Number of protein chains: 2
Amino acid sequence: MEHRLDRIKKQLHAQSYKLTPQREAIVRVLLEREEDHLSAEEVYLLVKEIAPEIGLATVYRTLDLLSELKIVDKINFGDGVSSYDLRKEGAKHFHHHLVCTECGSVEEIVDDLLEDVEKIVQNDWGFQVKDHRLTFHGVCRVCQEITVKAT
Amino acid sequence: MEHRLDRIKKQLHAQSYKLTPQREAIVRVLLEREEDHLSAEEVYLLVKEIAPEIGLATVYRTLDLLSELKIVDKINFGDGVSSYDLRKEGAKHFHHHLVCTECGSVEEIVDDLLEDVEKIVQNDWGFQVKDHRLTFHGVCRVCQEITVKAT
DNA sequence: TATTAGTTTATAATTATTATAAATACAAAC
DNA sequence: GTTTGTATTTATAATAATTATAAACTAATA
Ligand SMILES: [Zn+2]
Ligand SMILES: [Zn+2]
Ligand SMILES: [Zn+2]
Ligand SMILES: [Zn+2]
């Protein structure tokens, strides 16, 4: 964890931003809960446990800054709340998501499944791809089994 | 246009919803502006021109209903506002988008580029795909040319 | 006609997010 | 070590999008 924190610190410094105590606290929360998809409010509540004096606006500001630097990705699963998701170490593109419409769970796919598709988009549409958002909606493994049992 | 309106009317009736005058007005606006990606507020303003007595809440309710029936798709391009997008005639899946980070334009890709990827998700992750959202962020053809000229 | 269920309107309320101004922290210059 | 300037944070207010509520309306039904 300290390793990744260090890298992020360097990324901030590279753009002449500082890793203030508040920013560090926020990044620590994001690292600890990497598998989750936290909203700004959730980050705020978790950060308050280790840095109680922090303000919600600071959380929004910091998450915004981290988004700009491509350290986190902001994503909206359609419920009106933005989630903030740490980029995987060294990842060029945002990872993909599987959202279960039954139980609401969110799985992650780290492999880049879009390389071929991006080539097509580049060649056939002349669009220079910089990043992507791919989310599948459907039924997760667990919920499929439940459905089978129920019948 | 009347043809598609008729189909939508049938889809509503099939779930025992009525095509009220307000709903019809909203659908007409969506059909007329099919190439656009309108927000609820924009739909509201356009509908007011042909049905001035309509209320904003009715627009939200109707767009919600049309989303449920998969007649429109609700999508968020990351600016905090939901856009509503008519499904193409007979399309099983939501179409894809190319969002230009330079000029903000939104292009559509109607071809389903994800068939292979969905097979992988299905087989390797055991996830039963029902629908998807795919958006590419990058530089559109026009902005690429501008950049070339500028250098 | 009276009743009922579904729908819409107008308005208020809620929620997420952003803007503002004053306070604070901190590094560089003196 | 103090001063000065800039970046950052806090607390609060404001904004914008969306949803909830209650009263009114519509159209079908008994
Ligand atoms: Zn599930
Ligand atoms: Zn994720
Ligand atoms: Zn462009
Ligand atoms: Zn579209």
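Residues numbered from 1 in each chain as written. Chains lettered and ligands numbered in written order. Predicted model: local features only at pLDDT ≥ 70, side-chain atom pairs only at ≥ 80, totals over all residues. Heavy atoms only, no water.

## A word on the protein's contact with DNA strand C
Surrounding DNA strand C, one finds 16 residues, the nearest of these being Tyr60 of chain A together with Thr20, Gln22, Thr58 and Arg61 of chain B. For DNA strand C, the fraction of atoms within 4 Å of the protein that belong to sugar or phosphate moieties is 72%. In this structure, Thr20 of chain B approaches DNA strand C through a side-chain N or O atom, which is 2.5 Å from a phosphate oxygen. At 3.2 Å from a phosphate oxygen of DNA strand C is found a side-chain nitrogen or oxygen belonging to Arg23 of chain B. Secondary-structure elements contributing two or more residues to the surface near DNA strand C are helix H4 (56-68) of chain A together with helix H2 (21-32) and helix H4 (56-68) of chain B. (Near = heavy atom within 4 Å. Polar contact = N/O pair within 3.5 Å; in protein donor to acceptor, adjacent residues only side chain to side chain. Helix = DSSP H or I, 4+ residues; strand = E, 2+ residues; numbered from the N terminus.)

## Topic: the coordination of the zinc ion (ligand 1)
Residues and elements named next belong to chain A. Bound to the zinc ion (ligand 1) are the protein donor atoms Cys100 (SG), Cys103 (SG), Cys140 (SG) and Cys143 (SG), situated 2.3 Å from the metal. Geometry at the zinc ion (ligand 1) is tetrahedral, judged from its four donor atoms and the angles of 107 to 117° they form at the metal. Of note, the donors binding the zinc ion (ligand 1) are all from one chain and are spaced C-x2-C-x36-C-x2-C. One end of the pair, Cys103, is in the loop between strand E4 (96-100) and strand E5 (106-109); the other, Cys140, is in the loop between strand E6 (128-139) and helix H6 (141-150), and 37 residues separate them in sequence. Judged by relative accessible area, which is 46%, Cys103 ranks as partly exposed. Note on Cys140: relative accessible area 6%, which makes it buried. (Donors = N, O, S within 2.8 Å, 3.2 Å for Na, K, Ca; no water. Tetrahedral: all angles 85-135°; square planar, octahedral: opposite > 155°, others 65-115°. Buried < 20%, exposed > 50% of the residue type's maximum accessible area, 1.4 Å probe, protein only.)

## Quick look at the domain arrangement of chain A
All names here are of chain A. As assigned here, chain A comprises domain 1 (1-91) and domain 2 (93-151). Inter-centroid distance (C-alpha atoms) of domain 1 to domain 2 is 23 Å. Across the boundary between the two partners, domain 1 contributes 13 residues, which contact eleven residues of domain 2. The contact between domain 1 and domain 2 buries some 960 Å² in all, and 55% of this surface belongs to carbon and sulfur atoms. Here domain 1 and domain 2 share four salt bridges between them. Note that Asp131 is salt-bridged to Arg87, the shortest N-O span being 2.7 Å. For the pair domain 1 and domain 2, the number of links is eight residue pairs in polar contact (both at pLDDT 80 or more). The set of elements that each furnish at least two residues to the side of domain 1 that touches domain 2 consists of strand E2 (72-76) and strand E3 (82-86). Element by element, the count of residues in the side of domain 1 that touches domain 2 is highest for E2, at three residues. (Domains from an automatic or database assignment. Contact = heavy atoms within 4.5 Å. Buried area = accessible area lost by both parts, 1.4 Å probe. Salt bridge = Lys/Arg side-chain N within 4 Å of Asp/Glu carboxyl O.)

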